[in-house]
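The primary structure of each chain is shown beneath.
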Amino acid sequence: MKYFVKVAELLSFSKAAKALYITQSTLSQQIKQLEDELDMALFFRNNHKVTLTEAGETFLEGAKKTLAEADDNKAKIMDLAWDTEASSTSESPTASVRF
């Protein structure tokens, strides 16, 4: 989903691949797999131009919300780990917390 959002933001597979530190081929395969799972095209592609389909625009809204919620949940879990560790030891909580 992160890959889809990056392509949608940049409207370029090559720029998105560079931003994500992956190959363009890998990115294209991942987007194709997502489109296959959804049984719907998310992008119009022609030569060097990429635009979102109506389905892609709709999916983008939900994808951004999902990624934001995932980030929020990760922060909550890290806070919980910090609070739990801090209450059980006088050491720095980050010293023994591993993710």
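Up top is the structure.
Described in the following lines is the structure provided in the data block. Because the structure is a prediction, the values reported are computed rather than measured.

## Considerations on the pattern of salt bridges
Taken as a whole and assessed by the stated rule, the structure comprises three salt bridges. Its salt-bridge partner being Glu9, residue Lys6 comes within 3.7 Å of it at the nearest N-O pair. One end of the pair, Lys6, and the other, Glu9, are both in helix 1 (residues 2-10), three residues apart, so they sit about a helical turn from each other. A relative accessible area of 25% places Lys6 in the partly exposed class. For Glu9, a relative accessible area of 44% translates into the label partly exposed.

## What to know about the pairing of strand 1 (residues 43-46)
In this sheet, strand 2 (residues 49-52) lies alongside strand 1 in antiparallel orientation, the contact comprising four bridges. Residue pairing in the sheet places Arg45 in a bridge with Val50 of strand 2. With antiparallel pairing between neighbouring strands as the criterion, strand 1 and strand 2 make up a hairpin whose turn holds two residues, including Asn47 at a positive phi of roughly 45 degrees.

## Observations concerning the nonpolar core
Phe4, Val7, Phe13, Leu27, Ile31 and Phe43 are the most contacted members of the largest nonpolar core, which totals 18 residues. Those elements giving two or more residues to this core turn out to be helix 1, helix 2 (13-20), helix 3 (24-38), strand 2 and helix 4 (54-88). Residue contacts for Phe43: discarding those within four places in its chain leaves Phe4, Val7, Ala8, Phe13, Ile31, Glu35, Val50, Thr51, Leu52 and Thr53.

## Here we look at the side chain of Glu35
Here Glu35 shows up in helix 3. A distance of 3.3 Å separates a polar atom in the side chain of Glu35 from the backbone nitrogen of Phe43. Beyond its immediate sequence surroundings of up to four residues, Glu35 is in contact with Met40, Ala41, Leu42, Phe43 and Arg45.

Conventions and cut-offs
Residues numbered from 1 in each chain as written. Predicted model: local features only at pLDDT ≥ 70, side-chain atom pairs only at ≥ 80, totals over all residues. Heavy atoms only, no water. Salt bridge = Lys/Arg side-chain N within 4 Å of Asp/Glu carboxyl O. Helix = DSSP H or I, 4+ residues; strand = E, 2+ residues; numbered from the N terminus. Buried < 20%, exposed > 50% of the residue type's maximum accessible area, 1.4 Å probe, protein only. Pairing = 2+ DSSP bridges. Core = buried A, V, L, I, M, F, W, Y, C linked by side-chain atoms within 4.5 Å. Contact = heavy atoms within 4.5 Å. Polar contact = N/O pair within 3.5 Å; in protein donor to acceptor, adjacent residues only side chain to side chain.

Keep in mind that these numbers describe shape and distance, not what the molecule does.
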